[in-house]
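Observations on the three-dimensional arrangement
Chain residues, written in single-letter form:
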Amino acid sequence: MSQQKSDYVDDAEIDATLDDLPDDDTIEETVANLEANGFEVVVADSTDEALESLTSHIPSDVSVMNGHSTTLEEIGFVDYLTEGDHGWESLPDEIWSIDDDEQRQAARRESQTADYFVGGINAIAETGELVAADRSGSRIGAYPFAAENVVIVSGVNKIVPTLDDALDRLESVAYPLENERAKEAYGVESAIAKQLIFRQELEEGRTTVVLIREELGY
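Residues numbered from 1 in each chain as written. Predicted model: local features only at pLDDT ≥ 70, side-chain atom pairs only at ≥ 80, totals over all residues. Heavy atoms only, no water.

**Re a negative patch on the surface**
Judged by side-chain charge, Asp23, Asp25, Glu28 and Glu29 come together as a negatively charged surface patch. Within the secondary structure layout, glutamate 29 lies in helix H1 (residues 24–36). Relative accessible area serves as the criterion here: at 38%, glutamate 29 is assigned to the partly exposed category. (Patch = residues over 30% accessible without salt bridge, like charges linked within 9 Å, V, L, I, M, F, W, Y side chains within 5 Å. Areas by Shrake-Rupley, 256 points an atom, 1.4 Å probe, with all protein chains shown as cover. Salt bridge = Lys/Arg side-chain N within 4 Å of Asp/Glu carboxyl O. Lys, Arg positive; Asp, Glu negative; His and termini not counted. Charge placed at Lys NZ, Arg CZ, Asp CG, Glu CD. Helix = DSSP H or I, 4+ residues; strand = E, 2+ residues; numbered from the N terminus. Buried < 20%, exposed > 50% of the residue type's maximum accessible area, 1.4 Å probe, protein only.)

**Quick word on the sheet that holds strand S8 (residues 159–160)**
Overall, mixed pairing links the four strands, which are arranged S8-S5-S6-S9 in an open sheet. Strand pairing shows two members of the sheet lacking a second neighbour, S8 and strand S9 (194–198), which therefore form its edges. (Pairing = 2+ DSSP bridges.)

**Focus: the side chain of threonine 47**
Looking at where threonine 47 falls in the secondary structure, it is placed in helix H2 (residues 47–57). Note on threonine 47: relative accessible area 18%, which makes it buried. If near-sequence neighbours (up to four positions away) are discounted, threonine 47 is found in contact with Glu74, Ile75, Ile212, Glu214 and Leu216. (Contact = heavy atoms within 4.5 Å.)

**Let's talk about the sheet that holds strand S2 (residues 63–66)**
Strand order in the open sheet made by the six strands is S1-S10-S7-S4-S2-S3, with parallel pairing throughout. Edge positions in the open sheet fall to strand S1 (40–44) and strand S3 (89–90), since each of these has one partner strand only. One ladder, built from six bridges, connects strand S7 (residues 149–155) with strand S10 (residues 207–212); its direction is parallel. In the sheet register, isoleucine 152 faces S10, and the bridge partner there is valine 209.

**Describing the pattern of salt bridges**
Evaluation of the coordinates by the stated rule reveals eight salt bridges. Three or more residues joined by partner-sharing salt bridges are found here, namely Asp24, Asp45 and Arg213.

**Comments concerning unusual backbone geometry**
Positive phi, close to 65 degrees, is recorded for aspartate 61, a residue that is not glycine. With respect to the secondary-structure elements, aspartate 61 resides in the loop between H2 and S2.

**Examining the packing of aromatic side chains**
The final tally for this structure, using the stated rule, is four aromatic pairs. Between phenylalanine 39 and phenylalanine 198 the ring centres are 5.0 Å apart and the planes differ by 80 degrees, which places this aromatic pair in the edge-to-face class. Placement of the pair is phenylalanine 39 in the loop between H1 and S1 and phenylalanine 198 in strand S9, with a sequence separation of 159 residues. In this structure, phenylalanine 39 and phenylalanine 198 share a single accessibility class: buried. Ring geometry for tyrosine 80 against tryptophan 88: centres 5.7 Å apart, planes inclined by 70 degrees, an arrangement best described as edge-to-face. A relative accessible area of 25% means that tyrosine 80 is categorised as partly exposed. On the accessibility criterion, tryptophan 88 (9% relative accessible area) is buried. Cluster of aromatic residues (ring-pair linked, three or more members): Phe77, Tyr80 and Trp88. (Phe/Tyr/Trp six-rings, centres within 6.5 Å; stacked < 30°, edge-to-face > 60°.)

**A few points about the nonpolar core**
The biggest cluster of nonpolar side chains holds 27 residues, and the ones touching the most others in it are Leu34, Ile121, Ile124, Leu130, Tyr143 and Leu211. Mapped by element, the contributors of at least two residues to this core are H1, helix H5 (91–95), strand S6 (130–134), helix H7 (142–146), S7, S9 and S10. No other element matches the three residues that H1 contributes to this core. Aside from chain neighbours lying at most four places away, what touches tyrosine 143 is Phe117, Gly119, Gly120, Ile121, Val150, Ile152, Leu196, Phe198 and Arg206. If you look at the next biggest cluster of nonpolar residues, it comprises 19 residues, including Leu72, Ile75, Val118 and Val151. (Core = buried A, V, L, I, M, F, W, Y, C linked by side-chain atoms within 4.5 Å.)

Here you go:
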């Protein structure tokens with residue numbers, strides 16, 4: 001199933017002012033503030049460069065789980081996790097091979113403690129905070145503590161000036177688009193049921209943000 005924003009944008013009313021590409025000074029300020037808040041930051045100029053940075057960041061012989069992310073689809077990471085020659089334990093492949101619903105749900109919960117958990121984000125404040133939400137919590141549950149290492153991948157279009165703007169972007173850009181995707185993919189509406197404001201990473205080197213100088217995801 002397609003994971004492109006273009007498939008849903010005509011059906012969703014969004015605030016496009018919170019989805020613009022920032023200038024270089026804004027990106028530089030955002031990187032500085034993210035780093036001051038304890039996040040490692042990599043800036044990539046393209047989706048190919050982002051995929052290379054991401055895959056080279058994760059060592060062999062570790063378990064890897066991903067949360068749903070249009071951006072990960074767009075850079076090719078989801079296909080690479082399933083099909084690539086990487087030497088990782090791909091937890092999504094293991095989970096979705098389980099037929100029993102209760103056992104599969106238990107495996108999904110256990111996967112939150114993966115060696116590396118890779119996912120997206122819904123908004124990044126220039127002041128250095130990350131904002132995300134899920135209907136189920138299956139993505140953001142790993143971010144604060146559960147996973148040993150976290151890699152968050154985002155287009156720079158998700159950068160907005162303040163934390164208030166980031167919360168607004170979640171409501172007025174990310175949710176309307178995700179709602180359209182959820183209705184198509186699952187036949188149900190999405191919901192901002194579980195929300196995370198990731199203000200600081202206190203464990204050195206644990207969380208890396210890969211920023212891509214393109215408009216990606218939502």
